[in-house]
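The chain contents come next:
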Amino acid sequence: METHNTIPQDILSHYIHNVRQVARKLQAVQQKQRQSIEELLQLKSRCQQIRENLGA
């Protein structure tokens, strides 16, 4: 009976693949968040301009 823990190569490869997949998805989500923030800032700026034009 073995007392040391060894992880079979195929399980390790599968795990690494999953971690990389999650990392890619996370990067995509972060990119989308950055775009959304940028769009919100542009909208905020546009609203400010409209308010100023209306003399509010």
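Each value, and the rule that gives it
Residues numbered from 1 in each chain as written. Predicted model: local features only at pLDDT ≥ 70, side-chain atom pairs only at ≥ 80, totals over all residues. Heavy atoms only, no water. Helix = DSSP H or I, 4+ residues; strand = E, 2+ residues; numbered from the N terminus. Rg over C-alpha atoms; globule rule 2.2 N^0.38 Å. Buried < 20%, exposed > 50% of the residue type's maximum accessible area, 1.4 Å probe, protein only. Areas by Shrake-Rupley, 256 points an atom, 1.4 Å probe, with all protein chains shown as cover. Lys, Arg positive; Asp, Glu negative; His and termini not counted. Charge placed at Lys NZ, Arg CZ, Asp CG, Glu CD. Expected span 1.5 Å × (residues − 1).

## Looking at the overall build of the protein chain
- Secondary structure summary: the protein chain contains one helix and zero strands in total.
- In terms of C-alpha radius of gyration, the protein chain reaches 24 Å, well past the compact-globule figure of 10 Å for 56 residues.
- Principal axes of the C-alpha set define a box for the protein chain whose edges measure 80 × 15 × 5 Å.
- Of all 56 residues assigned to the protein chain, the portion counted as buried reaches 0%.
- A total accessible area of about 5,800 Å² is found for the protein chain, and carbon and sulfur atoms account for 56% of it.
- Counting 8 positive and 5 negative side-chain charges, the protein chain places the averaged centre of each group 8 Å from the other.

## Points about helix α1 (residues 9-54)
- An ideal rise of 1.5 Å per residue puts 68 Å on 46 residues; α1 measures up with 67 Å between its terminal C-alpha atoms.
- The positive-phi residue at the C-terminal boundary of α1 is G55, with phi of around 75°.

## Re the environment of T6
- You can see T6 is positioned in the segment before α1.
- You can call T6 exposed: its relative accessible area is 54%.
- With 35 residues separating them in the primary sequence, T6 and L41 have C-alpha atoms 51 Å apart.

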